[in-house]
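Residue-level structural notes
What follows is each chain in one-letter form.
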Amino acid sequence: MKVLVAGAAGFIGSHVVLCLLESGYDVFAIDNFSNAVEGPDGKAESLKRVSELTGKDIPFAKCDLRNEQEIENLFTTHKFDAVIHLAALKAVGESVDKPLEYYANNLIGSLNLLSVCKKHGVKNFIFSSSATVYGPPKELPILENASTGQGITNPYGQTKYMVEQVLMDLSKAEKDWNIVLLRYFNPVGAHPSGRIGEDPLGIPNNLMPFVAQVCIGRLPVLKIYGDKFDTPDGTGVRDYIHIMDLARGHVSALDRIKKAKQIGCEIYNLGTGKGYSVLEMVAALEKASGRKIPTEMSVPRPGDIASCYCDPSLAYEKLGWKCEFGLSEMCRDLWNWQLNNPQGFSTAAGPN
Ligand SMILES: NC(=O)c1ccc[n+]([C@@H]2O[C@H](COP(=O)([O-])OP(=O)(O)OC[C@H]3O[C@@H](n4cnc5c(N)ncnc54)[C@H](O)[C@@H]3O)[C@@H](O)[C@H]2O)c1
Ligand SMILES: *[C@@H]1O[C@H](CO)[C@@H](O)[C@H](O)[C@H]1NC(C)=O
Ligand SMILES: *[C@@H]1O[C@H](CO)[C@@H](O)[C@H](O)[C@H]1NC(C)=O
């Protein structure tokens, strides 16, 4: 099976490509480098390393999903059996300041990709969704049948919810699509080799890349947003999942599509089902690194919730997927990546 991976050069995409190749799938990778490092030869530094790790070539094209013609050109020259769509702008805070950019990229990009898929009869489709579609959880742990779309506080989350709606409607209208919505919780860590990992361009938006940069001395101090939440230590609790477990989830979803005749649209939470607080995460990275991480208490950000974690048992039941790694592996591999690539991929890509 030949799989088109959109957003392949990014954090999650690069790990997904690696897992696909290791599971015997063929991959064609695209990205527009809006949030990934482009090497001097126009290829993605992250994917070059995935090639080294797997010993396999990765066909790649620079392609912007906002440009339907670019996608169309790819589909006329290559025959794809499935698409994994990870390409999106993803910074929650930035999406509040730049709503038009986020809606345009994440919605139009997805619609363009889907129209071309339809035109070429490529109807196996996996979409990167997010726990954010649930809004503030009414019940914990979160099951896939919990309500979605209510109380989403930012345009980024809205785009994930809207694309989910598009895909659900599509599967109602056309029964021959096989669609899987993967609702990610909080992916962290890196490939155990330390060769690929998360390389936020600029100040990291997510907790653990930020903590790792404080730990290595690139940033001075971690501001903790709120210590009066209704959680055991007062700081926010989230469901962190090792990036390799998350990436493997895509292979499991694809395996299911390959085996099943018609699945319509299925939805799976990808998380460990365990919540850890900010302070627990900091302590775990201090342990993994043997360093002290300076922190400072601050006020909660608007829209922040106390706790969010899922029940991942549906993915186990239907996909046979479950997490293999825990908190210590997440922090070990994050630290290994950070230590070996203090400036992310950009040092390797040359001066910039
Ligand atoms: N990292 C998380 O915490 C998280 C959580 C839930 C969902 N997600 C979703 O998972 C997906 C991957 O996230 P990530 O963390 O790897 O982010 P990332 O920014 O590292 O990767 C996304 C990639 O998509 C590319 N891209 C963006 N717009 C594009 C366009 N118009 N055309 C082509 N390529 C484009 C970017 O250049 C980038 O390489 C995203 O859809 C994101 O919303 C991420
Ligand atoms: C890629 O897409 C993003 C999001 O729409 C856009 O802001 C950016 O300019 C594009 N980058 C490149 C290098 O084409
Ligand atoms: C969701 O599914 C669970 C387990 O299958 C079930 O117990 C629960 O009643 C369902 N909830 C809703 C809101 O449908």
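Residues numbered from 1 in each chain as written. Chains lettered and ligands numbered in written order. Predicted model: local features only at pLDDT ≥ 70, side-chain atom pairs only at ≥ 80, totals over all residues. Heavy atoms only, no water.

Let us look at the overall build of the chain. Within the chain, the regular secondary structure consists of 12 helices and 14 strands. Over its C-alpha atoms the chain spans a radius of gyration of 19 Å, differing by no more than 12% from the 20 Å that the globule rule assigns to 352 residues. Projecting the C-alpha coordinates of the chain onto the three principal axes gives extents of approximately 55 × 45 × 40 Å. For the chain, the residues scored as buried account for 54% of the 352 residues in total. For the chain, the accessible area works out to roughly 15,100 Å², and carbon and sulfur atoms hold 51% of it. Within the chain, the 40 negative side-chain charges are centred at a point lying 2 Å from the centre of the 36 positive side-chain charges. (Helix = DSSP H or I, 4+ residues; strand = E, 2+ residues; numbered from the N terminus. Rg over C-alpha atoms; globule rule 2.2 N^0.38 Å. Buried < 20%, exposed > 50% of the residue type's maximum accessible area, 1.4 Å probe, protein only. Areas by Shrake-Rupley, 256 points an atom, 1.4 Å probe, with all protein chains shown as cover. Lys, Arg positive; Asp, Glu negative; His and termini not counted. Charge placed at Lys NZ, Arg CZ, Asp CG, Glu CD.)

Here the focus is the pattern of salt bridges. The full count for this structure, using the stated rule, is 21 salt bridges. Between Asp-64 and Arg-66 there is a salt bridge whose closest N-O contact spans 2.5 Å. On the accessibility criterion, Asp-64 (14% relative accessible area) is buried. Its relative accessible area of 47% is what places Arg-66 among the partly exposed residues. Put simply, Arg-301 and Asp-304 hold a salt bridge, and the shortest N to O gap is 3.0 Å. (Salt bridge = Lys/Arg side-chain N within 4 Å of Asp/Glu carboxyl O.)

This next bit is on the packing of aromatic side chains. Each pair of aromatic rings is reported with the distance of its centres and the angle of its planes. Tallied over the full model, the rule gives 5 aromatic pairs. Taken together, the ring pairs connect Phe-28, Phe-75 and Phe-80 into an aromatic cluster. (Phe/Tyr/Trp six-rings, centres within 6.5 Å; stacked < 30°, edge-to-face > 60°.)

Time to look at the site of ligand 2. The local shell around ligand 2 consists of Asn-32, Ser-34, Asp-64, Arg-66, Leu-89 and Asn-105. A distance of 2.3 Å is found between an oxygen atom of ligand 2 and a side-chain nitrogen or oxygen belonging to Asn-32. Within the contact set of ligand 2, an oxygen atom lies 2.8 Å away from a side-chain nitrogen or oxygen of Arg-66. (Near = heavy atom within 4 Å. Polar contact = N/O pair within 3.5 Å; in protein donor to acceptor, adjacent residues only side chain to side chain.)

As a further point, take the layout of surface pockets. Considering only enclosed or pocket space, the second largest pocket measures out at about 170 Å³ in volume. Forming the walls of the second largest pocket are Tyr-134, Pro-136, Pro-137, Lys-138, Glu-139, Pro-141, Ile-142, Leu-143, Asn-145, Ala-146 and Ser-147. (1 Å grid on protein atoms, 1.4 Å probe; cavity = no way out; pocket = protein on both sides within 12 Å on 5 of 7 lines; lining within 4 Å. Points joined across faces, edges and corners; volume = space filled by probe spheres on them.)

Before going further, it helps to spend a moment on the UniProt feature "signal peptide" (unreviewed entry) in the chain. Per the UniProt entry, the sites bearing "signal peptide" (unreviewed entry) are residues 1-19 in this numbering. Along residues 1-19 one finds 47% helix and 26% strand; the C-alpha atoms at either end are 14 Å apart. (UniProt positions renumbered as here; feature names shortened; annotations may be inferred.)

The next point concerns empty space enclosed by the protein. Counted according to the given criterion, the structure contains 3 cavities of 30 Å³ or more. Considered as a void within the structure, the largest cavity measures approximately 40 Å³ in volume. As for the largest cavity, its lining consists of Glu-198, Asp-199, Pro-200, Gln-213, Arg-218, Trp-337, Gln-338, Asn-341, Pro-342 and Gly-344. Here the residues of the lining of the largest cavity sort into 3 nonpolar, 4 polar and 3 charged. (Nonpolar A, V, L, I, M, F, W, Y, C, P; charged D, E, K, R; others polar.)

Strand pairing in a sheet is mediated by backbone hydrogen bonds. Such pairs are either parallel or antiparallel. Pairing in this open sheet of 3 strands is mixed, and the strands run β12-β9-β14 from one edge to the other. Both edges of this open sheet fall to β12 (276-277) and β14 (307-308), since each of them pairs with a single strand only. (Pairing = 2+ DSSP bridges.)

With that settled, consider the packing of helix α1 (residues 11-22) against helix α8 (residues 243-259). If you want to describe how two helices pack, look at the angle between their axes and the distance between the axes. Between α1 and α8, the least distance of the axes is 8 Å, while the angle of their chain directions is 55°. Taken together, α1 and α8 sit at an angle that is classed as oblique. Considering how the two elements wind past one another, α1 and α8 form a crossing that is right-handed. In contact with Phe-11, Ile-12, His-15, Val-16, Leu-18, Cys-19 and Leu-20 of α1, α8 contributes Ile-243, Met-244, Leu-246, Ala-247, Arg-248, His-250, Val-251 and Leu-254. The residue inventory of the contact of α1 with α8, partitioned by class, reads 12 nonpolar, 2 polar and 1 charged. (Axes fitted to C-alpha atoms, helices over the stretch in contact; angles between N-to-C directions. Parallel < 35°, antiparallel > 145°, perpendicular 65-115°, else oblique. Left-handed = near helix turned anticlockwise from the far one by under 90°. Contact = heavy atoms within 4.5 Å.)

Turning next to the sheet that holds strand β1 (residues 2-6). With parallel pairing, the 7 strands of this open sheet are ordered in space as β3-β2-β1-β4-β5-β6-β11. Two strands in the sheet have a free side with no partner beyond their single neighbour: β3 (60-62) and β11 (264-270). Across this sheet, the average inter-strand angle for adjacent strands is 20°, counted without regard to direction. Note: strand β6 (residues 178-184) against β11, 7 bridges, orientation parallel. Across the sheet, Leu-182 pairs through a bridge with Tyr-268, a residue of β11.

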